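A look at the structure
What follows is the residue order along each chain.
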Amino acid sequence: MTEQLVVDGPGAGWTSVVSGHLRWIEGQLDGLGLPTERSDELRARLLAVQVRAADPRLRVAVFGEASSGKSTLLNAFLRRRLLPSSALVTTRTTTVLEYREGGEGLMVRTADGPLLEWPSAPFATWAGRRRESGPDTLERALQHVLTTTLADEVASLRVFSPVRLLGGGVTVIDTPGFNVTERGHRELAEAAARQADMALVVVPAVAALSLTLVDFLTGPLRDHHDRCAFVLTKLDLLDEDERSEAVAVVERRLRDLGCADPLLLPCSPGKALGEVEVEAGGVHGPGGSGGSGHLASFLEVEARIAQLAAASRRSAVAATTLGLLSELLSAVEETAEARRTALGRGERELATLTLPDFPAFLDTWAARTRHRAATELNPALSRTSPQSRTTLEVKVGNAVAGEKINDLAGAAEEVSRLVRNHLRQDAQQAVRRAAKRAGEVLTTAAAELARDFAAQYSALVDLAGETRTAAPVPPVVWPDPPAPDMSGIDRALSAIGTQLTTSGKWRTGGGAMAGALAGGLVVPGIGAVVGGVLGALIGRRGPDATREQFLQQVSPVIAAAHEEIGALAACLPRVEESLTESVAAIRRQYDDEWREEIARLTAAHEGRRAELAAGIAHAEETAATARRRRDEIAALRRHTSRNVPNPEEP
């Protein structure tokens, strides 16, 4: 548990609370399952905050537009005109000013990586200054780095001075003018604002609060107003009776921009620097005039800035910790939402799958295939083409053509043979059609099964968080079609023959009996019919009339035989039985090869679902804790961001 927040004083409780929050954030990064890129980003931010919290130095960032007096203010801190303050300055990086006991120096890191220190031969070679004449001073080195094309190569710049900046223990960060349109200047200023304990915003009294400055205050510095102090420069350029009004106008505008209690520090750094030069016996700088009190006023402002920086340090660390907590909270909430989305998607997708109940999935396919076969096989068996009937009629007509009708036995035998052979051929073709159609049904059903299985298997694999490939389409083995069973056909034809030959219409004497007997000796059933017809007709009419009447009367017999062939009830069960066996074989193949795999994947999905549910619960719990900690840090920041009272105030 983190030590409870102490808000009555900034003692040990402050350090303990902030450290506790940082440790908690560090512990959460490993167990939240954040995306790698986001986790690495937060870890880098955390490390930066930890390093910043452990660094005892104060950091003061100076912001301002070009020509606002920012460089003059920095030179006043340094007590010398070290930094170039003309419009020629083109640095594209921040300049860090640090105290170094015993001497001054300059360290440059170039864009391609080398670290160069002045004075040194490598620095001189890089700067191309070996051909220059005159003393090699830090001022000249900085002038060369900051106001020439070398500035394009500078990635970082550190200036070391034996002057204790702002009273000591302070690092000053000079940022590029944020009104310069060069790409990257604004980003550098934003980065400096995040890492600074205090932000000094230089506001020239002669051109206060330009639109660019307003944009910067409401943008990068929006969340840092409690750590801002506004140095109002160039007051000496205004008439004395205008100065108080200028201060009041700037303060009012700052309040309108959201700075609840803006701290203004009016001063004249250029005049103060001039007085420093006079006291040191040096040449008067621009605006220098000794003895006017500008230096004393500036020193008071400088001390005030040091006090504010020390007091703002806690607020700065709290602010960065608050930002880190907010980012963590956002990441946790995004993760929880992503997991909720994944869980909902998984449940919806699983609801569309029948594969998890593998036996039912296979049974449904088998039943659907058998039903389709039963629906399509009967039409396949019963189809006898009109062409087949026409062909048989032509053959029968030829068998009794001309004088053939006079040969009763020969005509009966020929007609019986023709009908018998033709009907057998039709029966065989019908069975082959049925068997072929059954094979087509089975092949199509097997392909559909493979397709459905592959699609559902792929979805189930995805839901389980794995990557696998489904089996290929299983081969379809289909036997040769069964031989047609003609026994039913023979019995049916015999019954038809008996019915017709025993009817009153055909019992006309010995001719009918002889024809029936002759036909019956050739083929049962159909022979009796044909013979009866012929026997009833011969001897009573002429050949043509006999033939015509015979063909009219035998046509219903042939049609009835065709209908009987279409029924083939004895063959259909055998076709269906073969199809059922093949369906069962395919089902067994799937069941044997994939039953355990489907059960494993289903269990894996359930496990992943449970993990997602647990992850959502954990993320929601973490988010609740992060919100509470964020509120604590916000309260701590409000407490530690109170301005240090002005020592001159009662």
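Above this text you will find the structure in question.
Keep in mind that this is a model prediction, so the values were computed, not measured. (Residues numbered from 1 in each chain as written. Predicted model: local features only at pLDDT ≥ 70, side-chain atom pairs only at ≥ 80, totals over all residues. Heavy atoms only, no water.)

Of the regular secondary structure elements, the protein chain holds 18 helices and nine strands. Counting across all 650 residues of the protein chain, residues that qualify as buried make up 46%. Taking the intrachain contacts of the protein chain between residues at least 6 apart in sequence as the baseline, contacts between residues at least 24 apart amount to 79%. Summing over all exposed atoms, the protein chain offers an accessible surface of approximately 31000 Å²; the carbon and sulfur share of this is 53%. (Helix = DSSP H or I, 4+ residues; strand = E, 2+ residues; numbered from the N terminus. Buried < 20%, exposed > 50% of the residue type's maximum accessible area, 1.4 Å probe, protein only. Contact = heavy atoms within 4.5 Å. Areas by Shrake-Rupley, 256 points an atom, 1.4 Å probe, with all protein chains shown as cover.)

Another aspect to go through is the packing of aromatic side chains. Scanning all chains against the criterion turns up eight aromatic pairs. Summarising the aromatic geometry, the rings of Phe 123 and Trp 126 are spaced 5.7 Å apart at their centres and angled 55° between planes, so their arrangement reads as tilted. Residue Phe 123 and its partner Trp 126 are located together in helix H4 (residues 121–127), separated by three residues, close to a single helical turn. Neither Phe 123 nor Trp 126 differs from the other in exposure class; each is buried. (Phe/Tyr/Trp six-rings, centres within 6.5 Å; stacked < 30°, edge-to-face > 60°.)

Counting residues in each nonpolar core, the largest one holds 48 residues, and the members touching the most others are Phe 77, Leu 106, Phe 123, Trp 126, Leu 142 and Leu 200. With seven residues, the single largest contributor to this core is helix H10 (residues 294–351). One finds Phe 361, Leu 449, Val 583 and Ile 598 within the second-largest nonpolar core, a separate group that totals 33 residues. (Core = buried A, V, L, I, M, F, W, Y, C linked by side-chain atoms within 4.5 Å.)

Glancing now at the pairing of strand S6 (residues 170–174). Within S6, five of the five residues are buried, which leaves the element mostly enclosed by the surrounding structure. Across three bridges, strand S2 (residues 95–99) lies against S6 in antiparallel orientation. Of the residues in S6, the one forming a bridge with Val 96 is Ile 173. (Pairing = 2+ DSSP bridges.)

The next point concerns the layout of surface pockets. Of the pockets and cavities examined, the second largest pocket occupies roughly 590 Å³. What lines the second largest pocket is a set of 27 residues, and nearest its centre among them are Arg 45, Arg 194, Gln 195, His 224 and Thr 320. For the lining of the second largest pocket, the element with the most residues is H10, which contributes eight residues. Class assignment for the residues of the lining of the second largest pocket results in 10 nonpolar, six polar and 11 charged. (1 Å grid on protein atoms, 1.4 Å probe; cavity = no way out; pocket = protein on both sides within 12 Å on 5 of 7 lines; lining within 4 Å. Points joined across faces, edges and corners; volume = space filled by probe spheres on them. Nonpolar A, V, L, I, M, F, W, Y, C, P; charged D, E, K, R; others polar.)

Going through the model one piece at a time under the given rule, you end up with four cavities of 30 Å³ or more. At the level of secondary structure, the elements contributing two or more residues to the lining of the largest cavity comprise H10 and helix H18 (572–640). Looking at which element gives the most residues to the lining of the largest cavity, the answer is H10, with five residues.

Quick look at the packing of helix H3 (residues 70–78) against helix H9 (residues 269–279) now. Two elements in contact, H3 and H9, have axes whose closest approach is 8 Å; the angle formed by their N-to-C orientations is 35°. Two packed elements cross with a definite hand, and for H3 against H9 that hand is left-handed. Contacts between H3 and H9 involve Thr 72, Leu 73, Asn 75 and Ala 76 from the former and Pro 269, Gly 270 and Leu 273 from the latter. Split into classes, the residues belonging to the contact of H3 with H9 amount to four nonpolar, three polar and no charged. (Axes fitted to C-alpha atoms, helices over the stretch in contact; angles between N-to-C directions. Left-handed = near helix turned anticlockwise from the far one by under 90°.)

In this section: unusual backbone geometry. Comment: phi is negative for the bulk of residues other than glycine, and the bulk of peptide bonds are trans. Omega for the bond connecting Trp 118 with Pro 119 falls within 30 degrees of zero, at 0°, which places this linkage in the cis form. Counting through the fold element by element, Pro 119 comes out in the loop between strand S4 (115–118) and H4. Here the phi dihedral of Lys 234 falls at roughly 60°; this positive angle occurs in a residue that is not glycine. In this structure, Lys 234 sits in the loop between strand S8 (228–233) and helix H8 (240–256). Note on Lys 234: relative accessible area 26%, which makes it partly exposed.

Tallying each qualifying case throughout the model produces 27 salt bridges. Residue Lys 70 pairs with Asp 174 through a salt bridge whose shortest N-O separation is 2.8 Å. Taken together, the positions of Lys 70 in helix H3 and Asp 174 in strand S6 put the pair 104 residues apart, joining distant regions of the chain. For Lys 70, a relative accessible area of 9% translates into the label buried. With a relative accessible area of 10%, Asp 174 lands in the buried category. Note that Arg 80 and Glu 139 form a salt bridge whose closest N and O atoms lie 2.4 Å from each other. Of this pair, Arg 80 sits in the loop between H3 and S2 while Glu 139 sits in helix H5 (residues 138–147), placing them 59 residues apart in sequence. Each of Arg 57, Glu 98 and Arg 158 takes part in salt bridges that share partners, so that together they form one network. (Salt bridge = Lys/Arg side-chain N within 4 Å of Asp/Glu carboxyl O.)

Right, let's get into H3. Helical geometry note: an α-helix holds 3.6 residues per turn, so side chains three or four residues apart project in the same direction. Judged by how many residues are buried, H3 sits mostly within the fold: eight of nine residues are covered. Taken together, the buried positions of H3 are occupied by Lys 70, Ser 71, Leu 73, Leu 74, Asn 75, Ala 76, Phe 77 and Leu 78. Two residues or fewer after H3 comes Arg 79, characterised by a positive phi angle close to 65°.

Okay, the side chain of Thr 369 next. Within the secondary structure, Thr 369 is located in helix H11 (residues 358–382). Reaching out from Thr 369, the side chain makes a polar contact with the backbone oxygen of Trp 365 at a distance of 2.9 Å. Ignoring sequence-local partners within four residues, the contact set of Thr 369 consists of Val 441, Ala 445 and Val 583. (Polar contact = N/O pair within 3.5 Å; in protein donor to acceptor, adjacent residues only side chain to side chain.)

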